[in-house]
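Below, each chain spelled out in residue letters.
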Amino acid sequence: MTRILVLDGHPAPASLCRSLAQRYADAAREAGHELRVVHLHDLDFDADFGLAGYGITKPLEPSLQKFQDDLAWCGHFVLFTPMWWGGLPARLKGLFDRSLLPGQAFDTRNPSWTGMPRPLLTGRSARVVVTSDTPSLFLRLLYRNALVWQLRGQILHFVGLRPARFTLFAPASHPKPGRVQRWLDAVGRLGASGG
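To keep things clear, this report deals only with the structure shown in the data block. (Residues numbered from 1 in each chain as written. Predicted model: local features only at pLDDT ≥ 70, side-chain atom pairs only at ≥ 80, totals over all residues. Heavy atoms only, no water.)

Looking now at a nonpolar patch on the surface. The grouping of Leu137, Phe138, Leu141, Leu142 and Tyr143 at the surface amounts to a nonpolar patch, some 560 Å² of accessible area in total. Considering the arrangement of structural elements, one finds phenylalanine 138 in helix α4 (residues 136-141). Looking at phenylalanine 138, the relative accessible area reads 46%, which means it is partly exposed. (Patch = residues over 30% accessible without salt bridge, like charges linked within 9 Å, V, L, I, M, F, W, Y side chains within 5 Å. Areas by Shrake-Rupley, 256 points an atom, 1.4 Å probe, with all protein chains shown as cover. Salt bridge = Lys/Arg side-chain N within 4 Å of Asp/Glu carboxyl O. Helix = DSSP H or I, 4+ residues; strand = E, 2+ residues; numbered from the N terminus. Buried < 20%, exposed > 50% of the residue type's maximum accessible area, 1.4 Å probe, protein only.)

In structure tokens, the structure reads:
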């Protein structure tokens with residue numbers, strides 16, 4: 001049994017990401033995993049970090065404190081996100097900006113042997129499911145997996161969530177008949193396995 005935090009990172013109340021996240025969560029619960037599910041749309045917080053550094057930070061809203069607690073609790077973090085303009089939705093990026101803070105997610109005072117801040121969320125793995133209109137071949141060859149590099153290297157691994165595995169579903173806006181059901185089946189299998 002694994003403690004899994006599922007984050008639906010789409011800012012809308014209804015979306016393909018939400019459906020995929022729910023299917024993952026249902027399958028994981030049925031398999032006996034312990035789950036917490038967070039929908040970005042339901043969180044009440046100011047997404048703008050709004051300051052020049054970490055010396056003075058905004059007080060965390062209860063939604064952000066709860067997200068930090070859920071991340072500390074989990075053994076496996078699963079993010080469902082659309083790719084918009086080659087990156088994350090602004091509100092999702094704001095969640096990371098505001099909640100992954102020094103002393104909670106990484107330690108700037110005690111750097112690792114590389115000189116980088118020491119990650120504080122080690123011992124956790126991650127899975128990212130990305131919906132996109134960009135086919136995976138183009139994402140890899142034309143855009144050099146920019147979103148994957150950002151999420152894996154500069155967010156997840158930076159705070160200690162590794163390994164971080166990725167699944168891409170595309171094209172998401174106008175999928176061929178039956179494709180969404182295949183995606184739901186695929187995330188159901190991932191949820192059942194805790195992967």
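After presenting the structure, the write-up continues.
On to unusual backbone geometry, then. The residue after arginine 162, namely proline 163, is reached through a cis peptide bond having omega 0 degrees. With respect to the helices, strands and loops of the structure, proline 163 is situated in strand β7 (residues 161-169). Cis peptide bonds are those with omega within 30 degrees of zero, and the linkage from alanine 170 to proline 171 qualifies with -5 degrees. In this fold, proline 171 is placed in the loop between β7 and α6 (179-193). Even without glycine at this site, tryptophan 85 takes up a positive phi of about 50 degrees. Turning to its location among the elements, tryptophan 85 is positioned in the loop between β3 (76-82) and α3 (90-99).

Within strand β6 (residues 124-131), eight of the eight residues are buried, which leaves the element mostly enclosed by the surrounding structure. Sheet topology places β3 next to β6; seven bridges connect them, and they run parallel. What sits directly across from valine 78, in β6, is arginine 127. As defined by bridge partners, β6 adjoins β7 across seven bridges and the pair is classed as parallel. Along β7, the bridge assignment pairs arginine 124 with leucine 161. (Pairing = 2+ DSSP bridges.)

This brings us to the pattern of salt bridges. Two side chains with opposite charge may pair up if their charged atoms get near one another. For the structure on display, the rule yields five salt bridges. Across the pair aspartate 70 and arginine 36 runs a salt bridge whose closest N-O atoms are separated by 2.9 Å. With a gap of 34 residues between them, aspartate 70 in helix α2 (residues 62-73) and arginine 36 in strand β2 (residues 34-39) connect regions that are remote in the sequence. Across the salt bridge formed by glutamate 61 and arginine 98, the nearest N and O atoms sit 3.1 Å from each other. Here arginine 98 lies in helix α3 and glutamate 61 lies in the loop between β2 and α2, a separation of 37 residues in the sequence. You'll find glutamate 61 and arginine 98 in the same group, each marked buried.

With that settled, consider the packing of aromatic side chains. In this structure the tally under the stated criterion is six aromatic pairs. Judged by centre distance (5.9 Å) and plane angle (65 degrees), the rings of tyrosine 24 and phenylalanine 80 are edge-to-face. Of this pair, tyrosine 24 sits in helix α1 (residues 16-30) while phenylalanine 80 sits in strand β3, and the two are 56 residues apart along the sequence. Pair check on accessibility: tyrosine 24 and phenylalanine 80 agree, each one buried. Ring centres of phenylalanine 49 and tyrosine 54 lie 5.6 Å apart, and the angle between their planes is 75 degrees; this geometry places the pair in the edge-to-face category. Following the ring pairs from residue to residue traces out a cluster consisting of Phe49, Tyr54, Phe106 and Phe158. The lysine or arginine in question, arginine 36, covers the ring of tryptophan 73, its NZ or CZ lying 4.1 Å from the ring centre. Over the ring of phenylalanine 45 we find arginine 91; its NZ or CZ atom is 4.2 Å from the centre of that ring. (Phe/Tyr/Trp six-rings, centres within 6.5 Å; stacked < 30°, edge-to-face > 60°. Lys NZ or Arg CZ within 6 Å of the ring centre and 35° of its normal.)

Next up on the list: the packing of α1 against α6. In a pair of packed helices, the angle between the axes and the distance between the axes together describe the arrangement. Across the interface, α1 lies against α6 with an axial gap of 7 Å and an inter-helix angle of 40 degrees. As the angle between them shows, α1 and α6 are arranged oblique. With respect to the hand of their crossing, α1 and α6 are arranged in right-handed fashion. Contact with α1, carried on its side by Leu16, Ser19, Leu20, Arg23, Tyr24, Ala27 and Ala28, involves Val180, Trp183, Leu184, Val187, Gly188, Leu190, Gly191 and Ala192 of α6 and no other residues of that element. Within the contact of α1 with α6, the residues separate by chemical class into eleven nonpolar, three polar and one charged. (Axes fitted to C-alpha atoms, helices over the stretch in contact; angles between N-to-C directions. Parallel < 35°, antiparallel > 145°, perpendicular 65-115°, else oblique. Left-handed = near helix turned anticlockwise from the far one by under 90°. Contact = heavy atoms within 4.5 Å. Nonpolar A, V, L, I, M, F, W, Y, C, P; charged D, E, K, R; others polar.)

Just geometry here; none of it tells us what the structure is for.
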